[in-house]
Each structure stands twice: as C-alpha cells, then as structure tokens.
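Geometric and topological summary
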Amino acid sequence: MRGQNYSLWSLLKHGFKNHQTWEPAWERVALKPSYDVVIVGGGGHGLATAYYLAKNHPQVGKIAVLEKGYLGGGNTARNTTIVRSNYLWDESAAIYEHSLKLWEGLTEDLNFNVMLSQRGVFNLGHTLQDMRDIERRVNANALQGVDAHVLNAQEVKEKIPQLDCSRSRRFPVLGASWQPRAGVAHHDAVARGFARAASRLGVDLIEGCEVTGMDIQNGQIRGLQTNLGAIKTERVGCVAAGHSSVLAKMAGLRMPLESHPLQAFVSESMQRVIDTVIMSNAVHGYLSQSDKGELVIGAGIDSYLGYGQRGSPHVIEHTAAAIIELFPQFSRVRMNRQWGGIVDVTPDACPIISKTAVQGLFFNCGWGTGGFKATPGSGHVFADMLAQGGPGPLSKAFSVDRFHTGHLIDEHGAAGVAH
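Below is a short write-up of the structure. Only a predicted model underlies this, so the values are computations on that prediction, with no experimental measurement involved.

With respect to the overall build of the protein chain
On a plain count of helices and strands, the protein chain comes out with 11 helices and 19 strands. Relative to the globule expectation of 22 Å for 419 residues, the C-alpha radius of gyration of the protein chain, 22 Å, shows essentially globular dimensions. Principal-axis analysis of the C-alpha atoms gives the protein chain an extent of 65 × 65 × 40 Å. Here the protein chain, with 419 residues, has 53% of them falling under the buried criterion. Contacts in the protein chain between residues at least 24 apart in sequence constitute 78% of all its contacts with a sequence separation of at least 6.

In structure tokens form, the structure reads like this:
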C-alpha cells in the first residue's frame, strides 16, 4: 500500500511540475541539407520503415522521415485498428501473417505497449455462396499456416451471444470464419512506439515538412523540394497512403491508384458487451468495442473519389442500419463521433511495394482498407527494399509491374469490407 501511495504521489508531483524531468518521446530536430535515405510520410508504415531500416540496416547512413502534418496524424489516426492475416492468396497471406507475427512481439521489441488485444475476428456468412467462400479461404489459410476455422451458426451464437442468429432475419447468419490470433491494437501507441524507437536509433523525424517537388536528373532521384527547404538525397521511399498518386506525379509517374474517403464512427461508452471483432461483407459493416466501452463501427469506402477527411451521411446511415441488422439491441445507442481517412486502392485490392522507373525512388502504397494491420510487416519489407535496392521474397509479388504483366493478386473477396 505504501508503494502504491508513493507511485500516486510521484505521478502528481511530476504532473504539477509540467513533466520537467520527463524525456520527450522523440527528439525534435531541424531539417538537414542532405540525407542518405529520405522516407516521405510519417504515418505507421513510414515510421515502421524508418525503425527497421535503422535497426536492421545501419550501413545505409543518415535517415529522415518527412511528415507534412504531425506524426501518425493521417490514416494511422483514422482507422478502426483491426489486425488479422486470413487472406486468400498466398502472396497476401504471407505478408499479412509476417506482419501479425511482428505484432505479437512488437510491444517487447519497441519497449512500448501497443495494446495488442488478440480477441479474434469473425467474418460472417449469410448465404450459401458466403459459406463456400469462407470454406475456401479457411482451407487456403490451413495450407498457408494461418490459424482459421469454419464455424456453423450454433457455434457462432455460442461465441457471440449478442448476435442475432435467428433464421427470420433479412440476412440470417449461416456461419463464419474465425481467426483467434487476430484482434485490435492502439493506433496512437503504434505510431508513438515506432517514432520513439526510430528516434533513439538516430532517425530525424521532421514534422510540418511537405514535399513540393522532386529533383530528378538522368533518371535518378537527386533530391527533394520541401516547404522547409531543399534536401539532397539519392534514395527516397514514398509511404504517403492516400496521397501517393500526388507524389508519383511529381516524378512524372502514374500509379494505378484511386483515392477514396473511408469512414468509421464510434458510439457513446457503455458496459462491455462485445469481446471480439465481427465483420460482415453482406451487410457491409463491422464492429468491435474499445476498452473505453465505445462501439467502434466501420463503414465502406465512399464510391466517389476525393481527399475529404469527413463522413458522408448516406454511408453512415447505411452502416448503422447494417449493424442494427446484426445487433438489434444497439438501435438506441447514440453515435458519438465519426471520421474519414483517405485510402489508395489498386485494381486488385493489394498493395504496391516497388522500385520505380526513376532510380533510387521507391513506393509503398495501395494498401486500401488493410493498411493498419500491415504496419510492422509493411515497414519491415520496405526497409529491406530500400537497403538492398530491390524486392525481397515477400515483396516481389507486389511490384507495380504486375499491372503490365497481368499477374494480379485479386483480394477483393477478403478485403471487400473496410477494415
């Protein structure tokens, strides 16, 4: 008891002194005139790239991360934090499973609690075709070494008592796939953890630094123009999520990307009633419950192209109706707040992790609605690519060249709901 009182007193003392003895999470530094590697985009993927690059490839030299806003303030702060790896095709499942394994040791690796909660993810089936697709994906997962199970309606009801599984519903629940190792993590903790770890390895993290142009000579990247001044560099990794096509245009490139607003909202806080993640492609909605008791509800992408970080009423209305279809008891719960992120979507719903026609210029983009769950895995493989100058085993299939060769990886079935 005396120890607990001392800890409380110590916390109050530091609070009243305005944290004078606390070290900053990461070092604030001025932009330098040149770097060996520059990463454009200070979200989860960019910070993870910087961390793994500095940790695993110290020979690359001085690294900087440029973020036009604040670190982790883009899509990392505007998602529903779901983590899973039960994708259909080998290439997708491999990179997401690699990411999930990194998630499972991330708190220890960063020495920062990312609040990973492996509470499981259910993908509901409402038709015979849904169940055939679920069985196909679960069988593929078994061959890929990914944990996944097919459940019938009774088994789903036993695990999620609140879910309306009656046959009288407009979308009756016939069964589900279930990945027990999947779950959620805390988006702010992930960004801060990677930022702190990267900074301690000597990475310069520059906020409020917007790239306005690229210096390209004889097909080689030579530097970047920013609102804080020019930078000389011969290796650039662009990880800017919904704005990747804008950066590509600066280099005279055209990426096969579309940017869409992606919406979500949370309810007022309530007693904990949901201890897992439930997704449904048919009703096009999904939800989990936060530690604060809020229902975290995800919607689909807006069908119109745009960069607006705000919700559309018709999408919110459609998603609320979908959730009430699954959980009628939530019909009187009030929505607390909503937001929109900007996702870049490729024709095959899979990312681009690739070098480009400009030597020294690399892109990591097109994660669509699956970016958060890929954060550590994406950063890990992209760091290897930046260090080696080319793809590794996990990233090779995601080259931008696949849109010319026709070797697409169609994951629309496993990535059809915003998640």
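Notes on the sheet that holds strand 17 (residues 335-345)
As summarised here, the arrangement of the eight strands in space is 5-6-4-14-15-16-13-17, forming an open sheet in which the pairing is mixed. Each edge of the open sheet carries a strand with a single partner, namely strand 5 (149-152) and strand 17. Neighbour-to-neighbour, the strand axes of this sheet turn through a mean angle of 20°, independent of strand direction.

Regarding helix 5 (residues 128-144)
In this model helix 5 runs 24 Å from its N-terminal to its C-terminal C-alpha over 17 residues, within 8% of the 24 Å that 1.5 Å per residue would give. Listing the buried residues of helix 5 in full gives M131, I134, R137, V138, A140 and N141. Where the residues of helix 5 are buried, they touch strand 4 (121-125), strand 5 and strand 6 (175-179). Just downstream of helix 5 lies G145, where phi reads positive at about 80°.

Description of the sheet that holds strand 2 (residues 63-67)
The mixed open sheet is built from six strands, whose spatial order is 8-2-1-12-19-18. Here the strands that pair on one side only, and so sit at the sheet edges, are strand 8 (204-207) and strand 18 (352-355). Mean inter-strand twist for the sheet, computed between neighbouring axes without regard to direction, equals 15°. Note: strand 18 against strand 19 (residues 361-365), four bridges, orientation antiparallel. Bridge pairing in strand 19 links S354 to F363. Where helix 2 (residues 44-56) meets the sheet, it contacts strand 1 (37-40), strand 2, strand 8 and strand 19, and its direction lies at approximately 175° from that of strand 2.

A look at the packing of aromatic side chains
Geometry of an aromatic ring pair is reported as the spacing of the ring centres plus the angle between the planes. Applying the stated criterion to the full structure yields eight aromatic pairs. Sitting above the plane of the W178 ring, K159 keeps its charged end 4.2 Å from the centroid.

Basis of the calculations
Residues numbered from 1 in each chain as written. Predicted model: local features only at pLDDT ≥ 70, side-chain atom pairs only at ≥ 80, totals over all residues. Heavy atoms only, no water. Helix = DSSP H or I, 4+ residues; strand = E, 2+ residues; numbered from the N terminus. Rg over C-alpha atoms; globule rule 2.2 N^0.38 Å. Buried < 20%, exposed > 50% of the residue type's maximum accessible area, 1.4 Å probe, protein only. Contact = heavy atoms within 4.5 Å. Pairing = 2+ DSSP bridges. Axes fitted to C-alpha atoms, helices over the stretch in contact; angles between N-to-C directions. Expected span 1.5 Å × (residues − 1). Phe/Tyr/Trp six-rings, centres within 6.5 Å; stacked < 30°, edge-to-face > 60°. Lys NZ or Arg CZ within 6 Å of the ring centre and 35° of its normal.

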